[in-house]
There are 2 protein chains.
Amino acid sequence: MSDKSMEQTILETAERLFIDRGFSLTSTTDIAKEVGCNQSLINYYFRSKEKLFQTIFKKKALVFLASLREPLEAHIPLQEKIRVMSERHFMTLSENAKLPFFILNEIHTNPERLNVVKTIITDILQQISPSLNEELALEIQEGRMRNTTLFEIFLTMASLNIGVFLFHPVLKNFINKPNDELRTLLLQRSQENTRILLLSLEP
Amino acid sequence: MSDKSMEQTILETAERLFIDRGFSLTSTTDIAKEVGCNQSLINYYFRSKEKLFQTIFKKKALVFLASLREPLEAHIPLQEKIRVMSERHFMTLSENAKLPFFILNEIHTNPERLNVVKTIITDILQQISPSLNEELALEIQEGRMRNTTLFEIFLTMASLNIGVFLFHPVLKNFINKPNDELRTLLLQRSQENTRILLLSLEP
DNA sequence: ATCCTATTTAATAACCTTATTAATAACTAA
DNA sequence: TTAGTTATTAATAAGGTTATTAAATAGGAT
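Here the structure is a predicted model, which means the values were calculated and not measured.

Draft legend 1. Quick look at the protein's contact with DNA strand D. Looking at DNA strand D, there are 16 residues lining it, with Thr 28 and Gln 39 of chain A together with Asn 38, Tyr 44 and Tyr 45 of chain B nearest. Take the atoms of DNA strand D that sit within 4 Å of the protein: sugar and phosphate atoms are 57% of them. A distance of 3.2 Å separates a base nitrogen of DNA strand D from a polar atom in the side chain of Ser 40 of chain B. Put simply, the parts of the chain that give the surface near DNA strand D at least two residues each are helix 2 (28–35) and helix 3 (40–46) of chain A together with helix 3 (39–46) of chain B. Looking at the surface near DNA strand D element by element, the count peaks at four residues for helix 3 of chain B. Residue composition of the surface near DNA strand D, grouped by class: five nonpolar, 10 polar and one charged.

Draft legend 2. View of the protein's contact with DNA strand C. Around DNA strand C, 16 residues are found, and the nearest of them are Asn 38, Tyr 44 and Tyr 45 of chain A together with Thr 28 and Gln 39 of chain B. Within the backbone of Asn 38 of chain A, a nitrogen or oxygen atom sits 2.8 Å from a phosphate oxygen of DNA strand C. Measuring from a base nitrogen of DNA strand C, one finds a side-chain N or O atom of Ser 40 of chain A at 3.1 Å. Of all the secondary structure elements, the ones that give two or more residues to the surface near DNA strand C are helix 3 of chain A together with helix 2 (28–35) and helix 3 of chain B. Its residues placed into classes, the surface near DNA strand C shows five nonpolar, 10 polar and one charged.

Draft legend 3. Spatial organisation of the environment of Leu 197 of chain B. Residues and elements named next belong to chain B. Relative to the assigned elements, Leu 197 resides in helix 10 (residues 179–199). Separated by 79 residues in sequence, Leu 197 and Lys 118 have C-alpha atoms that sit 24 Å apart. Not counting chain neighbours up to four residues away, the residues in contact with Leu 197 comprise Ile 82, Ser 86, Ile 153, Thr 156, Met 157 and Leu 160.

Draft legend 4. Up close: the interface of chain B and chain A. Each side of the interface is counted separately: chain B has 40 residues, and chain A has 40 residues. Together, the buried faces of chain B and chain A total about 3,800 Å²; carbon and sulfur atoms form 74% of this surface. Among the residues of chain B in contact with chain A, Phe 101, Phe 167 and Phe 174 of chain B are the three that bury the most area, contributing 16% of the side total. Here chain B is connected to chain A by nine residue pairs in polar contact (both at pLDDT 80 or more). Put simply, the parts of the chain that give the side of chain B that touches chain A at least two residues each are helix 6 (99–109), helix 7 (114–141), helix 8 (150–166), helix 9 (168–172) and helix 10 of chain B. Ranked by residue count, the leading element in the side of chain B that touches chain A is helix 8 of chain B, at 11 residues. Considered class by class, the residues forming the side of chain B that touches chain A number 23 nonpolar, 10 polar and seven charged.

Draft legend 5. Quick look at the side chain of Thr 156 of chain A. Within the secondary structure, Thr 156 of chain A is located in helix 8 (residues 150–166). Among the residues examined, Thr 156 of chain A registers a relative accessible area of 2% and is labelled buried. Within the structure, the side chain of Thr 156 of chain A is placed 2.8 Å from the side chain of Arg 189 of chain B, a separation counted as a polar contact.

Draft legend 6. Expanded view of the side chain of Lys 60 of chain B. Residues and elements named next belong to chain B. The residue Lys 60 is located in helix 4 (residues 49–69) in this model. Residue class for Lys 60 comes out buried when judged on its relative accessible area of 12%. Within the structure, the side chain of Lys 60 is placed 3.1 Å from the side chain of Glu 15, a separation counted as a polar contact. Every residue in contact with Lys 60, bar those within four places of it in the chain, is listed here: Glu 15, Ile 19, Leu 99, Phe 102 and Ile 103.

Draft legend 7. Highlighting the relation of the copies chain B and chain A. Structural alignment of chain B on chain A gives an RMSD of 0.0 Å, achieved by rotating through 180° and translating 0.0 Å along the axis. The relationship between the two copies is best expressed as a two-fold rotation axis. Residue Ser 159 of chain B of chain B places its C-alpha closer to the rotation axis than any other residue of that unit, at 2.7 Å. When you check the interface residues of chain B against chain A, 100% turn up at the interface there too, and the contact is symmetric in its surfaces.

Draft legend 8. Quick look at the environment of Leu 114 of chain B. Along the polypeptide, Leu 114 of chain B turns up in helix 7. Separated by 52 residues in sequence, Leu 114 of chain B and Leu 62 of chain B place their C-alpha atoms 13 Å apart. When residues no more than four places from it in sequence are discounted, the contact partners of Leu 114 of chain B are Pro 169, Val 170 and Asn 173 of chain A together with Ile 107 of chain B.

Draft legend 9. Just a nonpolar patch on the surface, in detail. Residue and element names in this part refer to chain A. Residues Met 6, Tyr 44 and Tyr 45 make up a contiguous nonpolar surface patch of roughly 310 Å² in combined accessible area. As for its placement among the helices and strands, Met 6 is situated in helix 1 (residues 6–21). With a relative accessible area of 31%, Met 6 lands in the partly exposed category.

Draft legend 10. Quick look at the domain arrangement of chain A. Residue and element names in this part refer to chain A. Segmentation of chain A into domains returns domain 1 (1–47) and domain 2 (56–199). Note on domain 1 versus domain 2: buried area summed over both sides is about 750 Å², and carbon and sulfur give 64% of it. On the domain 1 side of the interface with domain 2, the three residues burying the most area are Glu 15, Ile 19 and Phe 23, jointly 63% of the side's total. The tally of links from domain 1 across to domain 2 stands at three salt bridges. In this structure, Glu 15 engages Lys 59 in a salt bridge whose closest nitrogen and oxygen atoms are separated by 2.9 Å. At the surface where domain 1 touches domain 2, the tally comes to four residue pairs in polar contact (both at pLDDT 80 or more). A per-class count over the side of domain 1 that touches domain 2 returns five nonpolar, one polar and two charged.

Cut-offs used in this document
- Residue indices begin from 1 for each chain and proceed along its sequence in written order.
- Starting at A for chains and at 1 for ligands, labels are handed out in the order in which the entities are written.
- Owing to the predicted nature of the model, reporting of local features is limited to residues with pLDDT of at least 70; listing and counting of side-chain atom pairs is limited to 80 or more, with chain, interface and lining totals taken over all residues.
- To get the side-chain values, all heavy atoms of the structure are used, and hydrogens and water are removed first.
- To be near a molecule or strand, a residue needs just one of its heavy atoms within 4 Å of it.
- By the criterion applied in these results, polar contacts are pairs of N or O atoms within 3.5 Å in which, for protein atoms, one can donate a hydrogen and the other can accept it, and in which residues neighboring in sequence qualify only through two side-chain atoms.
- Secondary structure elements are defined from DSSP: runs of H or I of at least 4 residues count as helices, runs of E of at least 2 residues count as strands, and each element is numbered from the N terminus.
- Amino acid classes used here: Ala, Val, Leu, Ile, Met, Phe, Trp, Tyr, Cys and Pro are nonpolar; Asp, Glu, Lys and Arg are charged; the rest, including Gly, are polar.
- Whether two residues touch is decided by their heavy atoms; if any such pair falls within 4.5 Å, the residues are in contact.
- We define buried area as the total accessible area lost by two parts upon association, computed with a 1.4 Å probe and summed across both.
- Only protein chains enter the accessibility calculation, which uses a 1.4 Å probe. A residue is then buried if its area is under 20% of the maximum for its type, exposed if over 50%, and partly exposed in between.
- Copy-to-copy alignment: least squares on C-alpha atoms, limited to residues at pLDDT 70 or above in both.
- Candidate patch residues must exceed 30% relative accessible area and have no salt bridge, after which like charges are joined if within 9 Å and Val, Leu, Ile, Met, Phe, Trp or Tyr side chains if within 5 Å.
- Every accessible area reported is derived by Shrake-Rupley at a probe size of 1.4 Å, with residue values counting cover from the shown protein chains alone.
- We define a salt bridge as a side-chain nitrogen of Lys or Arg found within 4 Å of a carboxyl oxygen belonging to Asp or Glu.
- The domain limits used here are those given by an automatic or database domain assignment.

Shown next as structure tokens:
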């Protein structure tokens with residue numbers, strides 16, 4: 001039972017509850033009840049509910065954006081890079097299906113949280129945006145791609161990929177299929193989203 | 001001051017606060033404070049916070065899906081119908097930019113709320129789905145459209161259009177432009193989304 | 001065993017919540 | 001004016017929230 005430290009157990013339980021119900025609907029009492037410990041133990045280890053949450057939020061924001069951090073093979077065409085990015089993006093989301101809503105929700109209820117996300121995104125952009133922008137400019141100039149911006153490409157990708165997971169609770173109710181078929185449908189949607197994204201870039 | 005009835009004032013204030021902060025982060029005390037009346041007046045008129053909320057939620061769910069209820073000209077090609085739907089959809093969203101998150105959030109925190117939305121969607125589908133499905137089948141058969149489903153078309157449309165508004169708080173931070181330029185960008189995005197949607201249907 | 005430290009619990013202060021009750025105030029009709 | 005509604009407020013019950021304090025317990029080193 002205590003092969004995992006209490007601190008770790010609290011952290012993991014808090015993670016689960018925060019992601020499921022959000023910051024404001026998760027009380028430290030709930031977490032303690034779930035862990036099976038005294039409520040004050042949470043303050044003992046993490047000082048405050050807010051601090052505990054911040055730890056988790058940062059971590060999850062990183063996971064949420066992880067797919068965009070992974071380096072891309074340098075010598076493949078831009079189109080291929082975008083395909084890889086979109087597929088990776090969708091993959092990370094399938095493995096963390098609850099994150100899109102969680103992140104969006106917490107930013108919405110407390111705009112301060114945006115700073116964490118902003119830092120991560122800015123960081124990523126500094127890494128990849130210069131070279132991608134250059135490649136994009138070339139593709140456009142050579143007439144191999146539509147005149148567009150990295151911003152638009154990311155927005156399309158994010159909208160298509162995140163959409164599936166945000167609407168999941170609603171969609172589930174309109175697709176009366178067993179869970180494993182739903183997973184197949186999900187993978188198909190990754191393909192379809194990538195297809196649409198690339199299509200949108202054609203000149 | 002009391003040219004509007006107290007009941008109406010409470011309703012409108014509750015509407016605003018609920019949409020901004022959600023059900024759980026809006027207390028009846030907050031509403032009363034904002035209205036400038038006693039907290040128990042809210043229960044006097046609406047019996048409970050829950051009932052007050054339900055009234056508002058139903059109304060807003062209808063608005064949220066209103067664009068899909070508007071009838072389509074019967075004799076235009078399916079492609080044109082889809083274009084009109086997408087543009088209308090985006091338009092309703094721009095006029096109710098906070099609704100996508102509001103609806104999604106409330107469904108998430110209380111899945112019971114899904115029933116309201118489900119009823120409305122089922123209703124809409126019964127109205128439009130048979131004829132659209134027939135037209136779609138024909139277009140596919142004649143090789144004028146890719147083999148797809150109404151479900152996928154709606155999912156793509158919703159993802160692209162709703163995405164813009166869900167990410168708005170984040171996007172605003174990365175576009176350092178004045179608000180009126182932002183509005184222009186928004187309209188452009190409607191065009192772009194429609195373009196992508198129709199592109200995705202080409203054979 | 002004892003002391004020391006780290007962990008855990010119990011008790012509680014100082015809030016904030018919603019719904020109910022009873023007491024006023026305002027208005028309306030006879 | 002008076003009686004009867006309707007609208008509004010004050011007071012409060014019953015519960016929930018987080019953070020703090022002090023007390024209890026456990027484990028290890030001496």
